[in-house]
Amino acid sequence: MSSQLVIVEQRSDWKPNYPDIEVVTAGEYISDPKYAKLKNLRIFNLCRNYRYLSLGYYCSLLAEARQHKILPTVKTITDLSSKSIYSLNIEDLHNIIQKSLKSKSTLDQNAFTLFIYFGQCDDPDFSELARQLFDIYPSPALRVEFKLQADWQISAIRSGHFTNWPEEQVTQFIQAFNAYSTKRWLRPKETKHQRYDLAILVNPEETLPPSNKRALKKFEKIGKELGLAVDFITKKDFSRLAEYDALFIRETTQIDHHTFRFARRAESEGLVVIDDPTSIVKCTNKIFLFEQLTAQKIPIPVTRLLKKEDPKDITALEKAIPYPIVLKMPQSSFSRGVHKVKDHDELIQMTTQLFTESDILLAQEYMYTEYDWRIGVLNGEPLYACQYFMSRHHWQIVKHTKSGKFSTGQYKTWPIDQVDPRIIETALQSTQHIGNGLYGVDLKFINNTVKVIEVNDNPNLDAGVEDAFLKNELYYKILGEFTRRLDNNKSGNGNGWNPGNQA
């Protein structure tokens, strides 16, 4: 099997006159286990749609979980879906945009569209602009729309729909594809920063924040002791991020959310970031984690993927997993978006409901335990160990009611050296291919066996809970990691950690 392949939604999307390369459908890449086992694979994702939670989105997501090199990446897809992000990234291109489009102004033209294929375009006057835009947004095809106001501005950047191109665009695409497919794929360079101001992103209105008020006060107090000027910010402070040297996100993270935009902007400005955008992408989607953990042979509950357009998945699921079955939305958190179904009728009813939000769902065997383990991991080392007990008369740690209220179970925090070494070792293995950030690994210890439930990029750090054993040392360890990375960046030794190198 070749080391490069193209993913399309339908085989007919790849025309006979297109380059000779292995072509698979999105469904095949997602479902066929042989693709998960391949190594050193380069993939061109040419699905018709990259919208959040679509098949095109999942192909890029799973490719990264399988450590395949994919174009476009989930970061690129997410950036292109958010005008607030890409408008930040193109500020430095202002002069070259004006120079490139100067001739259009003399023709009294106030709108222009540029098609870019693998960094190439058909007009040599736009070659440098096309290359730079591709460097920022590496995607097989980009449709860039410009509008003339006081000066030329980019009004929209979209990934091209290659099945609808006119013949001249097809020719350009084929030439660019042939040229690019022989090149080596490079990673962006990391920027450096040399200041010591820490912004902590919080949401005062959040019902279940990852850190309570007492914990936030401790971060502020101990930060000052370590030379970090701590400033609590909210989503309205997006434009101020460049004022800081580091960002610590203490608000529940999501992909299609301002928390991800904060992480992405902070990374682009050279800040030290926890949670970094790569970790957010990997941890907030349970489909990605399933692929990642399976690829690394980490023990997990029996799990199956359900695809919206494939009813055979339901039949296969019922043969593989007995009832009750747990259904999970890919981006669920704090026990929300997780449902237990007891029979076939409930399964059909719930999947029908959930498929209105996501093209793929995750189904797992039900494994009840009195409590779940949460192992905190920081920079590849165990940080804390906590048992979270199930909510009273409920099968989850957090019980949500229809009225919006919730209740939680009890907890018990342990010294790391008093926890079964298998639990600690499995937790560390689970984060190895995610990054060097701060994670909370949820595990069950059942029948003398460890099973990983999920890895959280934004784990709870509450005063009185996770710090019950370490006390203030928990905050010193976390904030000390920020100062270590900042010091490394300042010294220029290159050890400040670039999360992109983990994928």
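Scope of this entry: the structure provided in the associated data block.

## A look at the overall build of the protein chain
When its secondary structure is counted, the protein chain shows 17 helices and 22 strands. Across the 503 residues that make up the protein chain, the buried fraction comes to 54%. The long-range share in the protein chain, meaning contacts at least 24 apart out of those at least 6 apart in sequence, stands at 68%. Approximately 22,900 Å² of the protein chain is accessible, and the part contributed by carbon and sulfur atoms is 48%.

## Description of helix α17 (residues 473-491)
The end-to-end C-alpha distance of α17 is 26 Å, a good match for the 27 Å that 19 residues give at a rise of 1.5 Å each. Of all the positions in α17, only Leu474, Tyr475, Ile478, Leu479, Glu481, Phe482, Thr483, Arg485, Leu486, Asn488 and Asn489 are classed as buried. For α17, the secondary structure elements touched by its buried residues are β8 (197-201), α10 (213-225), β10 (246-249), β11 (272-274), β16 (371-378) and β17 (381-389).

## Some remarks on the sheet that holds β10
Reading across from one edge, β9-β8-β10-β11 is the order of the four strands in this open sheet, with parallel pairing throughout. Each of the sheet's edge strands pairs with one partner strand only, and the pair in question is β9 (229-233) and β11. Ignoring which end each strand starts from, the neighbouring axes of this sheet average 20° apart. Bridge count for β8 against β10 is four bridges, and the pairing is parallel. Bridging from a neighbouring strand, Leu201 pairs with Ile249 of β10. Where α10 meets the sheet, its contacts fall on β8, β9 and β10, and the angle it forms with β9 comes to roughly 150°. Across the face of the sheet, helix α11 (residues 258-268) comes into contact with β8, β9, β10 and β11 while running at roughly 160° to β10.

## Notes on the pairing of β17
The two faces of a sheet get side chains in turn, since along a regular strand they alternate between them. The pairing of β16 with β17 spans eight bridges and is classified as antiparallel. Looking at the pairing, Asp372 lines up with Tyr388 of β17. Between β16 and β17, which follow one another and run antiparallel, lie two residues, and Asn379 among them has a positive phi close to 50°. Bridge count for β17 against strand β20 (residues 411-414) is four bridges, and the pairing is antiparallel. Residue pairing across strands places Gln387 opposite Lys412, the latter belonging to β20.

## Some remarks on the pattern of salt bridges
Evaluated as defined, the whole model comprises 27 salt bridges. Put simply, Asp313 and Lys307 hold a salt bridge, and the shortest N to O gap is 3.1 Å. One salt-bridge network, in which partners are shared between bridges, spans Asp231, Lys236, Asp237, Arg240 and Glu243.

## A look at the side chain of Thr303
Within the secondary structure, Thr303 is located in strand β12 (residues 303-307). A residue is classified by how much of its surface remains accessible, and Thr303, at 6% relative accessible area, is buried. There is a polar contact of 3.2 Å between the side chain of Thr303 and the side chain of Gln364. Excluding residues that lie within four positions of it along the chain, Thr303 makes contacts with Phe290, Ile321, Leu362, Ala363 and Gln364.

## Here's the deal with the nonpolar core
Within soluble globular proteins, side chains that are nonpolar generally end up buried alongside one another. Ranked by internal contacts, the top residues of the largest apolar core, which has 65 residues, are Ile7, Tyr29, Ile43, Ile233, Leu247, Ile375 and Leu443. Of all the elements, helix α3 (residues 55-65) adds the most residues to this core, at seven residues. One finds Ile200, Ile222, Val230 and Tyr475 within the second-largest nonpolar core, a separate group that totals 28 residues.

## Quick notes on the sheet that holds β16
Spatial ordering of the open sheet is given by β20-β17-β16-β21-β22, a layout of five strands whose pairing is antiparallel. Every interior strand has two partners, whereas the edge strands, β20 and β22 (449-456), have only one. When the angles between neighbouring strand axes are averaged without regard to direction, this sheet yields 25°. Helix α16 (residues 421-431) rests against β16, β17, β21 (438-446) and β22 of the sheet, and its axis sits at about 135° to β21.

## Considering the packing of aromatic side chains
Two aromatic rings are characterised by how far apart their centres lie and by the angle between their planes. Applying the stated criterion across every chain yields a total of 24 aromatic pairs. Ring centres of Phe118 and Phe177 lie 5.7 Å apart, and the angle between their planes is 75°; on these two criteria the pair is classed as edge-to-face. A residue pair is termed long-range when its members are at least 10 positions apart, and Phe118 in the loop between β5 (111-117) and α8 (127-136) and Phe177 in helix α9 (residues 167-180) qualify at 59 residues. Take Phe177: its relative accessible area is 2%, and that puts it in the buried class. Ring centres of Phe173 and Phe177 lie 5.9 Å apart, and the angle between their planes is 45°; on these two criteria the pair is classed as tilted. Linking Phe173 with Phe177, this pair stays in helix α9, spanning four residues, or about one helical turn. For the pair shown, Phe173 and Phe177 are each scored as buried. Put simply, the rings of Trp14, Tyr18, Phe44, Tyr117, Phe118, Phe134, Phe173, Phe177 and Tyr180 pair up and form one aromatic cluster.

## As for the side chain of Thr351
Note on placement: Thr351 falls in helix α15 (residues 344-354). Overall, the relative accessible area of 4% leaves Thr351 in the buried class. Within the structure, Thr351 has its side chain in polar contact with the backbone oxygen of Ile348 (distance 3.1 Å). In contact with Thr351, not counting residues within four places along its chain, are Leu306, Ile314, Leu327 and Leu361.

## Some details on the environment of Tyr58
Structurally, Tyr58 is set in helix α3. Along the sequence, Tyr58 and Ile287 sit 229 residues apart, while their C-alpha atoms lie 8.2 Å from each other.

## Details of unusual backbone geometry
Cis geometry marks the peptide bond from Leu71 to Pro72; its omega dihedral reads 0°. Cis geometry is found at the peptide bond from Tyr323 to Pro324, where omega equals 0°. If you trace the backbone, Pro324 turns up in the loop between α14 (312-320) and β13 (325-333). We note that Phe118 has phi near 50°; this positive angle belongs to a residue other than glycine. Classification of Phe118 by relative accessible area gives buried; the value is 4%.

Calculation rules
Residues numbered from 1 in each chain as written. Predicted model: local features only at pLDDT ≥ 70, side-chain atom pairs only at ≥ 80, totals over all residues. Heavy atoms only, no water. Helix = DSSP H or I, 4+ residues; strand = E, 2+ residues; numbered from the N terminus. Buried < 20%, exposed > 50% of the residue type's maximum accessible area, 1.4 Å probe, protein only. Contact = heavy atoms within 4.5 Å. Areas by Shrake-Rupley, 256 points an atom, 1.4 Å probe, with all protein chains shown as cover. Expected span 1.5 Å × (residues − 1). Pairing = 2+ DSSP bridges. Axes fitted to C-alpha atoms, helices over the stretch in contact; angles between N-to-C directions. Salt bridge = Lys/Arg side-chain N within 4 Å of Asp/Glu carboxyl O. Polar contact = N/O pair within 3.5 Å; in protein donor to acceptor, adjacent residues only side chain to side chain. Core = buried A, V, L, I, M, F, W, Y, C linked by side-chain atoms within 4.5 Å. Phe/Tyr/Trp six-rings, centres within 6.5 Å; stacked < 30°, edge-to-face > 60°.

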